[in-house]
Amino acid sequence: MSDSGNEFEKASQQQEGNLLTEFMGFLKQNRKFWLLPLILVMLALAALLVLTSTAAAPFIYTLF
């Protein structure tokens, strides 16, 4: 019982990582590297959506 409690205490004292390091650790541990392109495309579409709703819209429309 004290071994699992000691393990819990060690885990609680570890420094927390940011979202990017946590996500990369998840991909590495679970071998889900195929998720990375999907996430990158979703982030690019979200950035495009934000840019089209701002004053940068006329500049983006000229690209297409």
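Nothing here was measured: the structure is a model prediction, and the numbers come from that model.

## Notes on the overall build of the chain
So, point 1. Looking only at helices and strands, one finds four helices and zero strands in the chain.
So, point 2. Seen in sequence order, the chain has helices and strands lined up from the N terminus as α-α-α-α.
So, point 3. Expressed as a percentage of the 64 residues in the chain, the buried residues total 6%.
So, point 4. Working note: accessible area of the chain is about 6,100 Å², and carbon and sulfur atoms make up 67% of it.

## Notes on helix α2 (residues 19-30)
So, point 1. With twelve residues, α2 extends 16 Å from end C-alpha to end C-alpha; this agrees with the ideal 16 Å at 1.5 Å per step.
So, point 2. R31 occupies a position one or two residues after α2 and carries a positive phi of about 55 degrees.

## Observations regarding the packing of α2 against helix α3 (residues 35-52)
So, point 1. The geometry of α2 relative to α3 is characterised by a closest axis approach of 11 Å and an angle of 150 degrees between their N-to-C directions. Comparing the axis directions of α2 and α3 gives the class roughly antiparallel. In contact with F23, F26 and L27 of α2, α3 contributes L35, L36 and I39.
So, point 2. Looking at the contact of α2 with α3 residue by residue, the class counts come to six nonpolar, no polar and no charged.

Rules of the game
Residues numbered from 1 in each chain as written. Predicted model: local features only at pLDDT ≥ 70, side-chain atom pairs only at ≥ 80, totals over all residues. Heavy atoms only, no water. Helix = DSSP H or I, 4+ residues; strand = E, 2+ residues; numbered from the N terminus. Buried < 20%, exposed > 50% of the residue type's maximum accessible area, 1.4 Å probe, protein only. Areas by Shrake-Rupley, 256 points an atom, 1.4 Å probe, with all protein chains shown as cover. Expected span 1.5 Å × (residues − 1). Axes fitted to C-alpha atoms, helices over the stretch in contact; angles between N-to-C directions. Parallel < 35°, antiparallel > 145°, perpendicular 65-115°, else oblique. Contact = heavy atoms within 4.5 Å. Nonpolar A, V, L, I, M, F, W, Y, C, P; charged D, E, K, R; others polar.

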